[in-house]
Amino acid sequence: MAKQVYNFNPGPAVLPKDVLRQVQSELLDYKGTGISILESSHRAAEYEEVNSSTMKLFRELMGLGDNYKVLFMGGGASLQFDMLPMNLHPKGGTAAYVETGSWAEKAIKEAKKVGNGTVHVAASMKEEKFGRIPKQNELKIPSEAAYFHITTNNTIYGCQWQYVPEVGNIPLVSDMSSDILSRDMDFKKFALIYAGAQKNLGPSGATVVIIRDDLLAKCAEGLPTMLSYKTHAGKDSLYNTPPVFAVYVVRLVLEWIKNQGGLKAVEKVNFAKKERIYQAMDLHPDFYRGTVKPDSRSWMNLTLRLPSEDLEKKFLSEAKAAGFIGLKGHRDVGGIRVSLYNALPLEGAEKLAAFMLAFKKAN
Ligand code: PMP
């Protein structure tokens, strides 16, 4: 029996145990083929079925129609920081970004480097140490922008958009790497969504890009082949060898989400999980000091400081001994970060909340 551990790693992160068991049971013989999916050709019928059914599951879970293409790529979400402006930032045009944390900063930096026009920062929360998400009336929206980019969840600083900004006719683009499929939302408001798989979707190695047809049609021509969304869309993500194993696991995770009852059901559990932890923090706000304003608090990465770094060290080591791993804050910010991705069970959040209360009492 494996030791009971609750995995709060920020990514790569916890996967559903049922999914891991299924991977294990199919690993040596994928659906009677006599070979592993790891050994299969990406041109084989078995993988084509994985590829197309995973695309279909994304659309189904997100309530999107056939006018959205689902693409699987390598390169992580970080490659999308470059591909997005290369494809969609026209010569002399403007691309708008909201600066809500380190990943948004990186996206902006790349847009300045490889985009073809002006990068407009619609709001920056840097001066406030990324402690909240800007309100709608704080966004300076340039009417002529080619797209408007947000990062729905700020993995490092622990804040999350709790509304979808109104940007008129400008295509709304989002990096959803750390909160995709964690709750129900109107995904149709977005023209392009991208996410690395390694938090809510599966293992690292696959990145999903979901792009609406009208935006795809506007993508630049003449780009390096592999950096063009049109290449991948035109070949149903089979232009070159895709991350076969990672996409296969993503499919299993999406089926797991569907079996839970879809995004509404997942949202309900995620709500309960984050409530347990924030309630424990709010009972002792001088001890467990949240770093984010309540209206911007993330459901996925909950960030806090303790009164001293020594206490934080003690908290982390006692938590680890009790089976709660991966709670160390990002090296840029320190402190504690509780990542509550989809596959972290409610019981894990409940037990961690109880541990927090006991730790406060003892210290
Ligand atoms: N965006 C966000 C919001 C992230 O959390 C991360 C990774 N933690 C990235 C982008 C970068 O992803 P990758 O490592 O897949 O390039």
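Whatever comes next refers back to the structure up there.
Structural notes, computed from the coordinates. (Residues numbered from 1 in each chain as written. Predicted model: local features only at pLDDT ≥ 70, side-chain atom pairs only at ≥ 80, totals over all residues. Heavy atoms only, no water.)

## A short note on the environment of Ser-36
Residue placement: Ser-36 occurs in the loop between helix H1 (17-26) and helix H2 (45-62). Residues Ser-36 and Leu-71 lie 35 residues apart in sequence; the distance between their C-alpha atoms is 23 Å. Apart from residues no more than four positions distant in its own chain, Ser-36 is found in contact with Leu-27, Leu-28 and Tyr-30. At a separation of 2.7 Å, a polar atom in the side chain of Ser-36 contacts the main-chain carbonyl oxygen of Leu-27. (Helix = DSSP H or I, 4+ residues; strand = E, 2+ residues; numbered from the N terminus. Contact = heavy atoms within 4.5 Å. Polar contact = N/O pair within 3.5 Å; in protein donor to acceptor, adjacent residues only side chain to side chain.)

## Observations regarding the pairing of strand S12 (residues 301-305)
Of all the five residues making up S12, four are buried; the element is thus mostly covered by neighbouring parts of the structure. Where strand S11 (residues 289-290) lies against S12, two bridges are found, and the strand directions are antiparallel. From the neighbouring strand, Arg-289 faces S12, where its bridge partner is Arg-305. As judged from the four bridges shared by S12 and strand S14 (residues 336-339), these two strands associate in the antiparallel manner. Opposite Leu-304, over in S14, you have Ile-336 as the bridge partner. (Buried < 20%, exposed > 50% of the residue type's maximum accessible area, 1.4 Å probe, protein only. Pairing = 2+ DSSP bridges.)

## Focus on the sheet that holds S14
Each strand in a sheet pairs with another by means of backbone hydrogen bonds, the pair being arranged parallel or else antiparallel. Spatially, the three strands line up as an open sheet ordered S11-S12-S14, and their pairing is antiparallel. Edge positions in the open sheet fall to S11 and S14, since each of these has one partner strand only.

## Digging into helix H4 (residues 102-114)
For H4, which comprises 13 residues, the first-to-last C-alpha distance of 18 Å matches the rise-based estimate of 18 Å (1.5 Å per residue) to within 8%. Residues Ser-102, Ala-104, Ala-107, Ile-108, Glu-110 and Ala-111 constitute the buried set of H4. Residues of H4 that are buried in the fold lie against helix H3 (76-88), strand S3 (94-99), strand S4 (118-124), strand S5 (147-151) and strand S9 (192-196). (Expected span 1.5 Å × (residues − 1).)

## Focus: helix H7 (residues 244-260)
Its 17 residues give H7 an end-to-end C-alpha distance of 25 Å, which sits within 8% of 24 Å, the value for a rise of 1.5 Å per residue. Of all 17 residues that make up H7, 12 are buried, and the element is covered over most of its length. Within H7, burial applies to Val-244, Ala-246, Val-247, Tyr-248, Val-249, Val-250, Arg-251, Leu-252, Val-253, Leu-254, Trp-256 and Ile-257. Next to the buried residues of H7 lie H1, H2, strand S2 (68-73) and helix H8 (262-283). Where H7 ends, the next residue or the one after it, Gly-261, has phi of about 115°, a positive value.

## Considerations on the packing of H2 against H7
Running from amino to carboxyl end, H2 crosses H7 at an angle of 40°, the nearest separation of the two axes being 9 Å. By the criterion of interaxial angle, the relationship of H2 to H7 is oblique. Crossing of H2 against H7: the hand is left-handed. Judged by residue contacts, Tyr-47, Glu-49, Val-50, Ser-53, Thr-54, Leu-57, Phe-58, Glu-60 and Leu-61 of H2 engage Val-244, Val-247, Tyr-248, Val-250, Arg-251, Leu-254, Glu-255, Ile-257 and Lys-258 from H7. Class assignment for the residues of the contact of H2 with H7 results in 11 nonpolar, two polar and five charged. (Axes fitted to C-alpha atoms, helices over the stretch in contact; angles between N-to-C directions. Parallel < 35°, antiparallel > 145°, perpendicular 65-115°, else oblique. Left-handed = near helix turned anticlockwise from the far one by under 90°. Nonpolar A, V, L, I, M, F, W, Y, C, P; charged D, E, K, R; others polar.)

## Quick word on the packing of aromatic side chains
According to the stated counting rule, one finds 17 aromatic pairs in the structure shown. With centroids separated by 6.3 Å and ring planes inclined at 50°, the aromatic side chains of Phe-8 and Phe-324 adopt a geometry described as tilted. Placement of the pair is Phe-8 in the loop between strand S1 (6-7) and H1 and Phe-324 in strand S13 (residues 324-325), with a sequence separation of 316 residues. Centre to centre, the rings of Phe-81 and Tyr-194 are 6.3 Å apart; their planes meet at 75°, and the pair counts as edge-to-face. Separated by 113 residues along the polypeptide, Phe-81 in helix H3 and Tyr-194 in strand S9 bring together distant segments of the chain. Note on accessibility: Phe-81 and Tyr-194 belong to one class, buried. (Phe/Tyr/Trp six-rings, centres within 6.5 Å; stacked < 30°, edge-to-face > 60°.)

## Thoughts on the side chain of Thr-151
The topology assignment puts Thr-151 in strand S5. With near-sequence residues (within four places) excluded, Thr-151 lies in contact with Thr-100, Ala-104, Trp-161 and Asp-175.

## Remarks on the site of the ligand
Residues in contact with the ligand amount to 13 residues; listed here are only the nearest, Ser-78, Thr-155, Asp-175, Gln-198 and Lys-199. Between the ligand and Ala-77 there is a distance of 3.1 Å, counted from an oxygen atom to a backbone nitrogen or oxygen. Lys-199 is positioned such that a nitrogen or oxygen atom in its side chain is 2.9 Å from a nitrogen atom of the ligand. The fraction of the free accessible surface of the ligand (390 Å²) that becomes covered by protein chains is 85%. By residue number, the principal contributor to the shell around the ligand is H3, which donates four residues. Classifying every residue of the shell around the ligand gives three nonpolar, eight polar and two charged. (Near = heavy atom within 4 Å. Areas by Shrake-Rupley, 256 points an atom, 1.4 Å probe, with all protein chains shown as cover.)

## A closer look at the nonpolar core
Residues Phe-58, Phe-148 and Leu-181 are the most contacted members of the largest nonpolar core, which totals 62 residues. Lining this core are residues from two domains, each supplying at least three of them: domain 1 (18-260) and domain 2 (262-362). Val-14, Leu-306, Ala-319 and Ala-349 belong to the second-largest nonpolar core, a separate cluster that totals 29 residues. (Core = buried A, V, L, I, M, F, W, Y, C linked by side-chain atoms within 4.5 Å. Domains from an automatic or database assignment.)

## Overview of the sheet that holds S3
Spatially, the seven strands line up as an open sheet ordered S2-S10-S9-S8-S5-S3-S4, and their pairing is mixed. The sheet is open, and its two borders are formed by S2 and S4, each paired with just one other strand. Neighbour to neighbour, the strand axes of the sheet diverge by 15° on average, direction disregarded. Of the strands in this sheet, S3, S4, S5, strand S8 (172-175) and S9 are in contact with H4, which crosses S3 at around 160°.

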